Structure formats: C-alpha cells, structure tokens
Amino acid sequence: MRTSTGSRIVMHIDFDYFYAQCEEVRNPSLRGRPLTVCVFSGRTEDSGVVSTANYAAREHGVRSGIPIRIAKSRLAGISDAAFLPVDMSYYSEVSEKSMSLIQSFAGRFEQVGIDECFIDVSELASSFEVAKTLASQIKDSIKKSLGLTCSIGVAPNKMLAKIASDFQKPDGLTVIEPESLQNFIANLSVDKISGIGPKTSKRLGELGVKSISELAGLDQFKLVEEFGRKTGTFIHNAARGIDEEPVAESGESKQIARIITLKNDASTSVEMSNELRELCQSVLEIAKARKMAFKTVSVIIILSNLDQKSKSKTLKTHSNSLEPLHSTAQMLLNELMESDDSMRVRRLGVRLSDLQNTAGQNTISQFMGDLNGLS
Ligand code: DGT
Ligand code: CA
Ligand code: CA
C-alpha cells in the first residue's frame, strides 16, 4: 500500500487520559476537577497505585503508577478533587465502541492497547494533506459520537506516527511528512522511539548519545556490536526515520466490521438496500476467510450531522451463511430508520461479533495474509 508519492500513510490514535476521560463522559460534573482513577489494593484505605489522572490532576504532579497516598497528599486542600476506583468493564466497552468507529474509517487497522491503534490509510488518502483532513474527521466523529478526545499522529510509518501522536497532547493532531521527518526527529531524545526502552537508552547515554540525531551518527557496526544484529539494525534504521513494520490486523479481532460512505445521503432503508446486501456479503467473506461464525449482527448508521446510531441482534445459534445475516441486517436497518424519519444517513455499516472459530487456531493465522488484502 503506497501513495502516488511512494510513501505509506499511517496514523497512530491514542485517547487522552483514557480511563479518567471515560469517567468524565459518564459523569460530566467531574469535568474541570482534578480526577484520579485508582487501583485500590484494599490493604488499607489508601493503598494501591494511580492508574491515570486527568490533566487538572496532572498539574499537581499526579501521574500513572504513583502511590494513591502520594496523589492524595499532592491534592490535599483541593476540595473538589475526586478519586475513583477503576471500572475495567466500562472502559473496555468504551474502547470497543471507539475502535469500531475508527475501523469504519480505516484501511488496515491494528489495535495495540485499550486506548490506542494504528491505521494504514495509504489507499484512502492520496496525500498527507488529505490524510490530515481524514484525521480531523475521525477526531470530530469520535467527539460527536462518544464525547472523547484523542491525539492523532500521521506519518509515513508506525514509529513516526507514534512519536507524532505523543507530540501534542491532549486533543492533538500532528503530521510528519517524509520531507520534514529528519528535522522533526533530530532533536528528540532517543527514548521517544518506541522500542528503545530505559535499558537501551541508559546504555546509549553512556555512549554519549541523547538525541536521535546523535544516534544517527553512530556507526551501524558499533550498534550491532553493542545491541546484537536485530536491535542494532532496528536502532540504525529508526534513527533515520525508517520503519517498515506493516500495520497488521490482529488475528484475534473480536469483530468484523465494514462501513461505507453512501453516494448520496439516504432517508429510507429502501434507498440503502443494495449497499446493505453488499456490506453483508463483504463481512461474510471476511468471516469465512477467517473460518469464523458469528452470532451477533449489528447495523451502524452515521448521519449527515455525524451522529452515530446502531442496533444489534443476537441469533439463537452461530451462523456463517448470508440469508440469516442479510435478513437480520435488513430488519435492524428498518427498525433504525423507522425510529426517526427526519434522519439523513451518510455512512452505513454492518458488524459481526460474538465470533466463534470454526477451525483450529493455526488456520486463522494462515488466512491473515488474504485478509490484509481484503480489508
Ligand atoms: P495520555 O495518553 O497521556 O493522555 O494518558 P492515558 O491515561 O490515556 O495514558 P496511556 O495511554 O499511557 O494509558 C491508557 C490507560 O492505561 C490509562 O488511562 C490507564 C492505564 N494505565 C496507564 N499507565 C498505567 C499504570 O502505570 N498503572 C495502571 N494501573 N494503569 C495504567
Ligand atoms: Ca492514552
Ligand atoms: Ca495508550
């Protein structure tokens, strides 16, 4: 996947202060107040660590990983400071919704954590300028549908996209174009490269290397001697902004979704019947390639004002044939459209979930190559 200029276009999307932001969405009265999400160990009232904190709490030095006791002392005297216990099932639910929304914009999609993913948009965006517009649309859509902000980095590869998403936070959008990448990374410290952990960066410091440009000055032979062939070569390339690692769909993806933009906005389900059938065929083809049967079918519509609505139905048993899928999807779409006749639908999607493997695990990875081509 390359653009006409020969470069890939990859985005890294990371949600801002994720667990704390989820809490703010659920309870807007928390907004603007210092909020700390805690993993209480239960030993004493305050034992445990901080999972994350919103930016108001970070201003007081509260960070992921510090003891709750320390966080409380840093926020002592601030009467509206809030401390909440982690609620993983709720954050996972928000994460799933966010990721499926992002997937609907994506070419290739790879989730790499509860609140972050890479997408490859080389086939959707003909230039970095187009990709930047797409990134703002993704941000707007997530904000509108889920009330969340995220930071996006757009770059020619995964390593640089991750550096870019981290560059301006929260609610950031940073583009690193191939022409400007050398300047962009030159003065950053080596530990901005994901893959260079504390140990490697300490050793590099001992060699007098702090910035990425200093790293680029190190002889490849020296790097290989110091860190071994694999890591040494990785570091040598990374220092030059080179990273060929593909955005790889996860074989264990819990759902299969496809969303398209309609040629014209639609206001009735009849107007979308051809597209609905094609979407059903398309997700089913992917499910079959992955040797997966589905039990839950969802239809997603995104309106011209970017509102998102969806409706799901779980079948009695797992299936991998078109008829139950298509009739269920049609029924869900009819119900969605009947709920409000003033809606103008811009994008339409079908999602399969509750997936069950119909073959051995090995077969799944065998099919991954084909899949990457399909999606
Ligand atoms: P950000 O991205 O800097 O705006 O802030 P977060 O909170 O989104 O940070 P991130 O992306 O590194 O982590 C995502 C979530 O993972 C975060 O909301 C809570 C959890 N998490 C991160 N670091 C820690 C940690 O050290 N301990 C625990 N228990 N949870 C953590
Ligand atoms: Ca984050
Ligand atoms: Ca993250």
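See the structure printed just above.
Basis of the calculations
- Residues numbered from 1 in each chain as written.
- Chains lettered and ligands numbered in written order.
- Predicted model: local features only at pLDDT ≥ 70, side-chain atom pairs only at ≥ 80, totals over all residues.
- Heavy atoms only, no water.
- Donors = N, O, S within 2.8 Å, 3.2 Å for Na, K, Ca; no water.
- Helix = DSSP H or I, 4+ residues; strand = E, 2+ residues; numbered from the N terminus.
- Near = heavy atom within 4 Å.
- Polar contact = N/O pair within 3.5 Å; in protein donor to acceptor, adjacent residues only side chain to side chain.
- Areas by Shrake-Rupley, 256 points an atom, 1.4 Å probe, with all protein chains shown as cover.
- Nonpolar A, V, L, I, M, F, W, Y, C, P; charged D, E, K, R; others polar.
- Domains from an automatic or database assignment.
- Disulfide = S-S within 2.5 Å.
- Pairing = 2+ DSSP bridges.
- Axes fitted to C-alpha atoms, helices over the stretch in contact; angles between N-to-C directions.

Caption draft 1: Inspection of the coordination of the calcium ion (ligand 3) at higher detail. At the metal site, the calcium ion (ligand 3) is ligated by Asp14 (OD), Asp115 (OD) and Glu116 (OE), and these contacts range over 2.3 to 2.4 Å. For the calcium ion (ligand 3), the single-chain donor residues occur in sequence as D-x100-D-E. A separation of 3.5 Å is found between the calcium ion (ligand 3) and the calcium ion (ligand 2), both of which receive a donor from Asp14. With a gap of 102 residues between them, Asp14 in strand β1 (residues 10–15) and Glu116 in strand β6 (residues 116–120) connect regions that are remote in the sequence.

Caption draft 2: Just the site of ligand 1, in detail. Around ligand 1, 15 residues are found, and the nearest of them are Tyr17, Phe18, Thr52, Arg58 and Lys169. Phe18 has a polar backbone atom sitting 2.9 Å from an oxygen atom of ligand 1. In isolation ligand 1 exposes 600 Å². Once the protein is present, 68% of that is buried. Elements supplying a minimum of two residues to the shell around ligand 1: β1, α1 (18–26), β3 (48–53) and α2 (55–58). For the shell around ligand 1, a count of residues per class yields six nonpolar, four polar and five charged. When we break the shell around ligand 1 down by domain, the ones giving at least three residues each are domain 1 (10–16 + 92–181) and domain 2 (19–89).

Caption draft 3: Seen up close, the state of the cysteines. According to the stated counting rule, one finds zero disulfides in the structure shown. The structure places no disulfide on Cys22, whose sulfur is separated from the nearest cysteine sulfur, that of Cys150, by 12 Å. Here Cys150 stays unpaired: no disulfide links it, and the sulfur of Cys117, its closest cysteine neighbor, is 8.6 Å away.

Caption draft 4: Looking closely at the sheet that holds β6. Read from one edge of the open sheet, five strands run β5-β6-β1-β7-β8, paired in mixed fashion. Each edge of the open sheet carries a strand with a single partner, namely β5 (108–113) and β8 (173–175). When strand polarity is set aside, the average angle formed by the axes of neighbouring strands in this sheet is 15 degrees. In the sheet, β1 pairs with strand β7 (residues 150–155) via six bridges, with the strands oriented antiparallel. Pairing of Val10 across the sheet is with Ala155, part of β7.

As far as function goes, none of this settles anything; it's purely spatial.
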